[in-house]
Amino acid sequence: MSAGRRLLRLGSLAAALGLWQLLTSYDVNLWLRFEQFPTVGEIASAFGERLGTDAYRQDLGHSLRRIAVGFLLAAVLGVAAGTAVARSRWAADLLGPLLEVARPVPAIALVPVAILLLPTNEQGIVFITFTAAFFPVTVSTRHAVRALAPVWEEAVLTMGGGRLRVLFSVVLPGALPGIFGGLSVGIGVSWICVISAEMISGEYGVGYRTWQDYTVVDYPGVFVGMATIGVLGWLTSTAVELLGRRATAWLPRPAAGAPGPRPRGPATAAAPSPQKEPVA
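All values derive from a computational prediction rather than experimental measurement. (Residues numbered from 1 in each chain as written. Predicted model: local features only at pLDDT ≥ 70, side-chain atom pairs only at ≥ 80, totals over all residues. Heavy atoms only, no water.)

## Things to note about the environment of E241
Item 1. Checked against the element boundaries, E241 lands in helix α10 (residues 219-247).
Item 2. Note: C-alpha distance between E241 and S184 (57 residues apart in sequence) is 6.7 Å. (Helix = DSSP H or I, 4+ residues; strand = E, 2+ residues; numbered from the N terminus.)

## As for unusual backbone geometry
Item 1. Despite not being glycine, W31 shows a phi value in the positive range, around 70°.
Item 2. On the secondary structure map, W31 appears in the loop between β1 (29-30) and β2 (32-33).
Item 3. A positive phi angle, near 60°, is found at V217, a position not held by glycine.

## Structural notes on the nonpolar core
Item 1. Counting 45 residues, the largest nonpolar core has I128, F134, L183 and W191 as its most contacted members.
Item 2. Elements with a minimum of two residues in this core: α3 (54-87), α5 (111-117), α6 (121-146), α8 (163-201) and α10.
Item 3. Sorting elements by how many residues they give to this core places α8 first, with 14 residues.
Item 4. Sequence-distant contacts of I128, defined by excluding residues within four places in its chain, comprise A107, L110, V111, A114, C193 and A197. (Core = buried A, V, L, I, M, F, W, Y, C linked by side-chain atoms within 4.5 Å. Buried < 20%, exposed > 50% of the residue type's maximum accessible area, 1.4 Å probe, protein only. Contact = heavy atoms within 4.5 Å.)

## Re the side chain of D213
Item 1. Within the secondary structure, D213 sits in helix α9 (residues 206-215).
Item 2. Given the relative accessible area of 7%, D213 is considered buried.
Item 3. Contact partners of D213, with chain neighbours within four places excluded, come to R50, D218, G221 and V222.

## Here's the deal with the packing of α9 against α10
Item 1. Interaxial distance between α9 and α10 falls to 7 Å at its minimum, and their mutual angle equals 160°. When the axes of α9 and α10 are compared, the pair comes out roughly antiparallel. At the point where α9 passes α10, the crossing takes the left-handed sense. Contacts between α9 and α10 involve V206, T210, D213 and Y214 from the former and Y219, G221, V222, G225, M226, T228, I229 and L232 from the latter.
Item 2. Per-class residue counts for the contact of α9 with α10 are 7 nonpolar, 4 polar and 1 charged. (Axes fitted to C-alpha atoms, helices over the stretch in contact; angles between N-to-C directions. Parallel < 35°, antiparallel > 145°, perpendicular 65-115°, else oblique. Left-handed = near helix turned anticlockwise from the far one by under 90°. Nonpolar A, V, L, I, M, F, W, Y, C, P; charged D, E, K, R; others polar.)

## Comments concerning α6
Item 1. Taking 1.5 Å per residue as the helical rise, α6 with its 26 residues ought to reach 38 Å, and the 38 Å between its terminal C-alpha atoms agrees with that figure.
Item 2. In the structure, α6 departs most strongly from a straight axis at F134, where the bend amounts to approximately 25° and where the proline P136 lies between one and four residues downstream. (Expected span 1.5 Å × (residues − 1). Bend = angle between axes of the 7 residues up to and from the residue.)

## Here we look at the side chain of T24
Item 1. Tracing the sequence through the fold places T24 in helix α1 (residues 3-25).
Item 2. Each residue touching T24, except ones within four places of it in the same chain, is listed here: F34, F37, P38, T39 and V40.

## Overview of the pattern of salt bridges
Item 1. In total, this model carries 9 salt bridges according to the counting rule given.
Item 2. The salt bridge involving D59 is made with R209; its shortest N-O contact spans 2.7 Å. Residue D59 is located in helix α3, and its partner R209 is located in helix α9; the two are separated by 150 residues in the primary sequence.
Item 3. The class of R209 is partly exposed, set by a relative accessible area of 25%.
Item 4. Salt bridges linked by common partners bring R65, R66, E122 and E198 together as one network. (Salt bridge = Lys/Arg side-chain N within 4 Å of Asp/Glu carboxyl O.)

## A short note on the packing of aromatic side chains
Item 1. Tallied over the full model, the rule gives 8 aromatic pairs.
Item 2. Summarising the aromatic geometry, the rings of W20 and F223 are spaced 5.3 Å apart at their centres and angled 70° between planes, so their arrangement reads as edge-to-face. With W20 in helix α1 and F223 in helix α10, this pair connects stretches of sequence that are 203 residues apart.
Item 3. The class for W20 is partly exposed, based on a relative accessible area of 26%.
Item 4. Each member of the aromatic cluster is reached from another via a ring pair, and the members are W20, F34, F37 and F223. (Phe/Tyr/Trp six-rings, centres within 6.5 Å; stacked < 30°, edge-to-face > 60°.)

## Concerning the packing of α8 against α9
Item 1. Across the interface, α8 lies against α9 with an axial gap of 7 Å and an inter-helix angle of 55°. Classified by the interaxial angle, the pair formed by α8 and α9 is oblique. The two elements α8 and α9 meet at a crossing, and its hand is right-handed. Along its contact with α8, which presents I195, E198 and M199, the element α9 presents V206, G207, Y208, T210 and W211.
Item 2. When grouped by side-chain class, the residues that make up the contact of α8 with α9 number 5 nonpolar, 2 polar and 1 charged.

Structure (structure tokens):
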């Protein structure tokens, strides 16, 4: 990224914070009521006070551990389920209807199920986090695998490769761009749901602390929690995107500002080629 783009992004953030400070300092009340909002300075002061406390570090540790466990489980099982549904008629018939019925249910609506089903709140929050990321990863993987051009698989089979060789040399590498698209969506949805679950049934965590601050009318503390959630979500999403770029570094990249040629390789979905039916 060029220095000009970095300055532009920093400038937009600084402008937003400056407008916030102006509106809250003068208690502007034009339909939107800013008189009860804390100023940027008050939030920064509260953030500085909490940053070095044991309670803040403990909350960060709990939220990050829940995200890590739930998201990693969703990544592994989501890729496996999406690949199976796309490649096997048996999996499509057995798992497909279950996935389509369960997918529209919001993960946060499963909090009562998690409370009744799992023995501890900690396991319930991890379950909610896993569910939130599982379906975006599964659906993206399924579409990415089905979009692969059949010619690459046929070439490997012609040269004597088996089904495992096709899976690990053609299917999974070719589907990586779509898989990481689902992972990027999944990590964002996971943060939404883990914070909500912590607010409802958590004992520690950023979401739990943010809700506690709201109940005692500590509005600067509420915004400290919101800022923490935003930074954590941005960092984890950036980490997933960087990992995706490294994993797909073999793909041709268009030059900045230019459309570039279409990539040629297992990831190319040839439009004229018919989709290959899942194997049994």
